[in-house]
Amino acid sequence: MKIALGSDHGGLELKELIKDHLEKKGFELKDFGTDSQDSCDYPDFALPVSEAVVKGEFDRGILICGTGIGISIAANKVPGVRCATVSDCFSAKATRQHNDSNILALGGRVVGPGLALEIVDIWIATAFEGGRHQKRIDKIADLEKKYC
Ligand code: RB5
């Protein structure tokens, strides 16, 4: 599985931890930045990760900002992105099973490192259930067609 990573300064530390964790597990990764603690704007990192995922260059994306919220709002503006901000293991599993989320957003100032890595592992390992959930995903795609 190929995974695209991105963060702002508020998510840098957690991004580096996740990158190290996933590299050790053998995933193919690309880090779209940021690379420094200097203040920056989360949409600038949400966009390239989102585009890379929607184009099929990567299977999934992981985005991190201070809360996980701003960067997920930005990512969800890109048609085809289903980005979920998650801070518990139940939601990590459910958003894959039910929403087929293709990008995970985390808050570097919200979740501790141990929980964050557990969320990442669950989110990566869980499959979409399809079935009744597919028609709901299709309705989201219809919304995108209407407004984008
Ligand atoms: C940056 O200070 C902070 O606003 C950002 O990382 C994020 O939390 C926004 O949603």
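The coordinates are above.
First, a word on what this report is: a plain description of the structure on this page. (Residues numbered from 1 in each chain as written. Predicted model: local features only at pLDDT ≥ 70, side-chain atom pairs only at ≥ 80, totals over all residues. Heavy atoms only, no water.)

1. Observations concerning the pattern of salt bridges
Scanning all chains against the criterion turns up ten salt bridges. The closest approach of N and O atoms between aspartate 100 and arginine 82, which form a salt bridge, is 3.2 Å. Pair noted here: aspartate 100 is in the loop between α4 (89-97) and β5 (103-107) and arginine 82 is in the loop between α3 (69-75) and β4 (83-85), with a separation of 18 residues, a long-range link. On the basis of relative accessible area, arginine 82 is assigned to the partly exposed category, the value being 21%. For the salt bridge of arginine 96 with aspartate 100, the shortest nitrogen-to-oxygen distance reads 2.9 Å. In this structure arginine 96 comes out as buried when scored by relative accessible area, which is 6%. Beyond isolated ion pairs, a larger network of salt bridges with shared partners links Lys15, Glu16, Lys19 and Asp31. (Salt bridge = Lys/Arg side-chain N within 4 Å of Asp/Glu carboxyl O. Helix = DSSP H or I, 4+ residues; strand = E, 2+ residues; numbered from the N terminus. Buried < 20%, exposed > 50% of the residue type's maximum accessible area, 1.4 Å probe, protein only.)

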